Amino acid sequence: MVPGLFVGFGVLLVATAVMVILHRNPVTSALFLVLSFCSLAGIYLLLQAEFLGMVQIIVYAGAIMVLFLFVIMYLNLQHDVETGAQIAVRRGIGWMVGALLLLFGALLVHRGWAPGPVTPAPAEPAVGNAVAIGRVLYSRFLFPFEITSVLLLVAMVGAIVLAKSRTAPNDSEAA
Amino acid sequence: MNALMDNQVFQVALWAAVKLVIILGIMLGVVTYLIYAERKICGHIQHRTGPNRVGPLGLLQTPLDVVKLLVKEEFTPAGANKILFHVAPILAAFPAIATFSVIPMGPPPTFVVTDINVGILLFLAMSSLGVYAIVLGGWSSNNKYALLGGLRSSAQMISYELAMGLSIIPVLMRSGTMSLVGIVEHQAGTYRPFESLPIALPNWGIFHWYLWLPFVIFLITMFAETNRAPFDLPEAEGELVAGFHTEYSSMKWAMFFLGEYMNMIVISSICVTLFFGGYLGPGPASLGLLWYLVKLFALLFFFIWVRWTFPRLRYDQLMNFGWKVLLPGAIANIVIATAWLWWRANA
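Residues numbered from 1 in each chain as written. Chains lettered and ligands numbered in written order. Predicted model: local features only at pLDDT ≥ 70, side-chain atom pairs only at ≥ 80, totals over all residues.

On to the overall build of chain A, then. Counting secondary structure elements, chain A contains 6 helices and 0 strands. A total of 175 residues make up chain A; the buried ones form 15% of that total. For chain A, long-range pairs separated by at least 24 residues make up 59% of all intrachain contacts whose partners lie at least 6 apart in sequence. (Helix = DSSP H or I, 4+ residues; strand = E, 2+ residues; numbered from the N terminus. Buried ≥ 20, exposed ≤ 12 C-beta atoms within 10 Å, placed from the backbone. Contact = placed C-beta atoms within 7 Å.)

Next up, the structure:
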């Protein structure tokens, strides 16, 4: 049953990911991305990484994609306003990146890479997932963790600065 | 087929599915009479009697309302996105049902569908998915009032989700587990707040002082997450006609309604689990389901009571309150609770 579920989630993940780039409507694309995040969370669950799976849904499907949708709906991106040249450049880059990824995949297959057992034994069966992640996060990976939080703080300050500088001239106009 | 039946994973999945179907059936009945209760209580709060014509005491009012909604003509606006317009009402009820798979309604394993060790995260994940129903319903209707309602709700639910998640953290720190059954079991026994006085309280979260502020914050965010008054801005009639479900009619509209009431039940259940000891209570363990239901219905009554008592907030008040009061309050309380728990463990 577990391998069957893995195949199911995998097929769903790939199919929805393909639909994200094939669909013309940006809102529908965003929704397919939500679905693909959810199937990725399902694969995490099958790997017994339930904490990661839930966080995947909370952070990506629940918070980031809602924000994406919010922006898409707010801007009402219905029509492609780009000229032919821009689209051609973008397509060229897309083909190149795609070819690189395909090459990378072929290399992996060539080197004899194969999926291992679908559900490997958890490293620390006695403690829960969250406990294990917490221990590693606050000991071995403490420095990267703290750096990431500083990075987020910088982004937040930057956002506030941008918002302030945009509202300031309007205020003076009104006054 | 025999090999499949012997498979342990399959057995677990099968029983979970059977329990969920039973829960879904009961939920539909409970929601029907929750709507009746809402109308009755609302009536009495406003010095009326509420529905009393259909059946004895008006008890058949909501079942017949459901029949009316089922046979009513369904209307789809011309410019609507057909698929999303159909999908949104389904999404409204789905997260609530999914969350019910981890809520302990009685002593395990009979009254719990599954006990996973990240139960509280599943609740947060599902409540964060709940916003899609409203956003998509609003957007796909191709109506400016519906769109505004949908956008309002996405901003509101994201803002209040943060405060809700942070208000849960002191509870998790106290119990040391994210499994909902584990959180309930940790509240067993009695608690004596003062060693010198002969006062013995149940060891529930609500009786511990460092969980009072999280409880209040959780209670407030409960209303915001379910889009109930005084936080029902996504459907503010005065400004937005009916908000995100302006264009919905018949059973599709009823699905949104069903989702709202199911979410009320789910979020009240989580509150009972976190702060009121879930299925714990005096008497033998077999009374667990009864205690859970008593606490749940008390909270649901509170929900209805608040709706018909407080006026709706203004949009800027709502945002300011969420970001400038609830969020800092929740963060401050995490610091206080951590200090207290550390001091108690080491002193």
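Let us now look at the confidence of the model for chain B. Atom-level detail of predicted coordinates should not be read off regions where pLDDT is low. All names here are of chain B. In the predicted model, chain B carries a mean pLDDT of 83, and the fraction of residues at 70 or more is 97%. The secondary-structure element of chain B with the lowest mean pLDDT is helix 1 (residues 2-6), recorded at 61, while helix 9 (residues 212-225) shows the highest, at 89. As a predicted assembly, this complex carries a pTM of 0.82 together with an ipTM value of 0.78. (pLDDT = per-residue confidence, 0-100.)

Counting residues at the interface gives 20 residues for chain B, matched by 19 residues for chain A. Contributions of two or more residues to the side of chain B that touches chain A are made by helix 2 (8-45), helix 5 (119-129), helix 6 (131-140) and helix 7 (144-175) of chain B. At 6 residues, the largest contribution of residues to the side of chain B that touches chain A is made by helix 5 of chain B.

It is worth spelling out unusual backbone geometry at this point. Residue and element names in this part refer to chain B. At His-47, a position not held by glycine, the phi torsion is positive, near 60°. Position of His-47 relative to the elements: it lies in the loop between helix 2 and helix 3 (61-71). C-beta crowding within 10 Å serves as the criterion here: with 6 such atoms nearby, His-47 is assigned to the exposed category. Of note, the phi angle at Asn-227 is positive, near 55°, even though the residue is not glycine. Its location among the elements puts Asn-227 in the loop between helix 9 and helix 10 (237-240).

Residues and elements named next belong to chain B. Note that Lys-252 resides in helix 11 (residues 250-275). Judged by the 21 C-beta atoms lying within 10 Å of it, Lys-252 falls in the buried class. The spatial distance from the C-alpha of Lys-252 to the C-alpha of Val-87 is 9.6 Å, given a sequence separation of 165 residues. Setting aside residues no more than four positions away along its own chain, Lys-252 makes contact with Glu-74 and Pro-89.

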